[in-house]
Amino acid sequence: MSVMQEMMTIVSQKEVAKSIFEMVLTGKMVDELGDAGQFLHLKVPVEGMLLRRPISISSWDKEKASCTILYRAGDETTGTYALSTLTAGQKLDVLGPLGHGFPVSEIKSGEKIVLVGGGIGVPPLYELAKQLNQQAYDITVLLGFASENVKILEEAFAKLQHVKVKVVTDDGTYGQKGHVGLLMNQLDFEPDAVYSCGAPAMLKAVYHKYEGLDRLYISTEARMACGVGACYACVIHTKDDPDGKSGHTLKVCEDGPVFKGGEIVL
Ligand SMILES: Cc1cc2nc3c(=O)[nH]c(=O)nc-3n(C[C@H](O)[C@H](O)[C@H](O)COP(=O)(O)OP(=O)(O)OC[C@H]3O[C@@H](n4cnc5c(N)ncnc54)[C@H](O)[C@@H]3O)c2cc1C
Ligand code: FES
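Caption draft 1: Region of interest: the site of ligand 1. Neighbouring residues of ligand 1: 19 residues in total, closest Arg-53, Pro-54, Arg-72, Gly-79 and Thr-80. Here an oxygen atom of ligand 1 and a side-chain polar atom of Thr-80 are 2.4 Å apart. Taking Glu-221, its side chain carries an N or O atom lying 2.9 Å from a nitrogen atom of ligand 1. The set of elements that each furnish at least two residues to the shell around ligand 1 consists of β4 (53-56), β6 (66-72) and α1 (79-84). Ranked by residues supplied to the shell around ligand 1, first place goes to β4 with 4 residues. Taken together, the residues that form the shell around ligand 1 break down as 10 nonpolar, 4 polar and 5 charged.

Okay, structure coming up:
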């Protein structure tokens, strides 16, 4: 896999939930995609907005040379809002694929796999579920959203043969009312592997619940600048240097965004 910078073409863009946009892109970069959980660094089409926006790849289709991202657009002053105004046929300057994604090669068919996603952390778990669906038969996806109007991808997960999906919302407008912690506590089995992506508070809950599990994979977020490991804007603390005193930090953009639970401090 090599990192490319490419003017990709927008195939389509639509609002799929309140202020959440799905953009399909096509380009040679799709050939380089391998692990779910990697991200693209998107140039904002506004003069003066110099920093790219890191957005996870939600899924791809190699035959069509296309990949899909889902992202939340902020207010009119934000770069993501500017991205959401682009339409089919326009070009977008993309750097990627970046970072290390979710490892799946160790998963065996009889194992019980749990995916835990929250809000706009859910998209990268969809390509992961597609990949796991090829090699495991017992995949449980637990999703939490603030409200029904920002719920995404539930139907797409449910269509995968070996996937069971459960959804909660903070306000109870869809599914049970509560956080995904509620769904984790309702599981009546011990998972063999857990994969997670979502807001920091949710990741902490997952991290503490499955602390002892060797195959606990957590996708983290950090403010980024270069996106390629050169500027150290995105460092995260490690278990063997929790306060960063000995300088043994990891970079979310290059070493992550996905880490093993045992490696990092949340
Ligand atoms: C590895 C990774 C994957 C991500 N995947 C997704 C995704 O799939 N969908 C999605 O909606 N969001 C995702 N995010 C968060 C997304 O990058 C930010 O929401 C976005 O950059 C905010 O930009 P803005 O133009 O809306 O905000 P502004 O307020 O205009 O941004 C100002 C600056 O702060 C940075 N920034 C602001 N919020 C964040 C944040 N939460 N994380 C990192 N940088 C931030 C921006 O990149 C920009 O440089 C991801 C973040 C990371 C690190
Ligand atoms: S963003 Fe520059 S090192 Fe990660």
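Caption draft 2: Broad picture of the packing of aromatic side chains. Tallied over the entire structure, the rule returns 4 aromatic pairs. Plain terms: the ring middles of Phe-102 and Tyr-195 are 5.7 Å apart, the flat faces sit at 75° to each other, and that makes the pair edge-to-face. Placement of the pair is Phe-102 in the loop between β7 (91-98) and β8 (112-118) and Tyr-195 in strand β12 (residues 193-197), with a sequence separation of 93 residues. The burial state of Phe-102 is the same as that of Tyr-195; both residues are buried. Note that Lys-151 overlies the ring of Tyr-174, its terminal NZ or CZ placed 4.4 Å from the centroid. Here Lys-209 stacks its cationic end above the ring of Tyr-210, 5.9 Å away from the centre of that ring.

About the cut-offs
- Residues numbered from 1 in each chain as written.
- Chains lettered and ligands numbered in written order.
- Predicted model: local features only at pLDDT ≥ 70, side-chain atom pairs only at ≥ 80, totals over all residues.
- Heavy atoms only, no water.
- Near = heavy atom within 4 Å.
- Polar contact = N/O pair within 3.5 Å; in protein donor to acceptor, adjacent residues only side chain to side chain.
- Helix = DSSP H or I, 4+ residues; strand = E, 2+ residues; numbered from the N terminus.
- Nonpolar A, V, L, I, M, F, W, Y, C, P; charged D, E, K, R; others polar.
- Phe/Tyr/Trp six-rings, centres within 6.5 Å; stacked < 30°, edge-to-face > 60°.
- Buried < 20%, exposed > 50% of the residue type's maximum accessible area, 1.4 Å probe, protein only.
- Lys NZ or Arg CZ within 6 Å of the ring centre and 35° of its normal.

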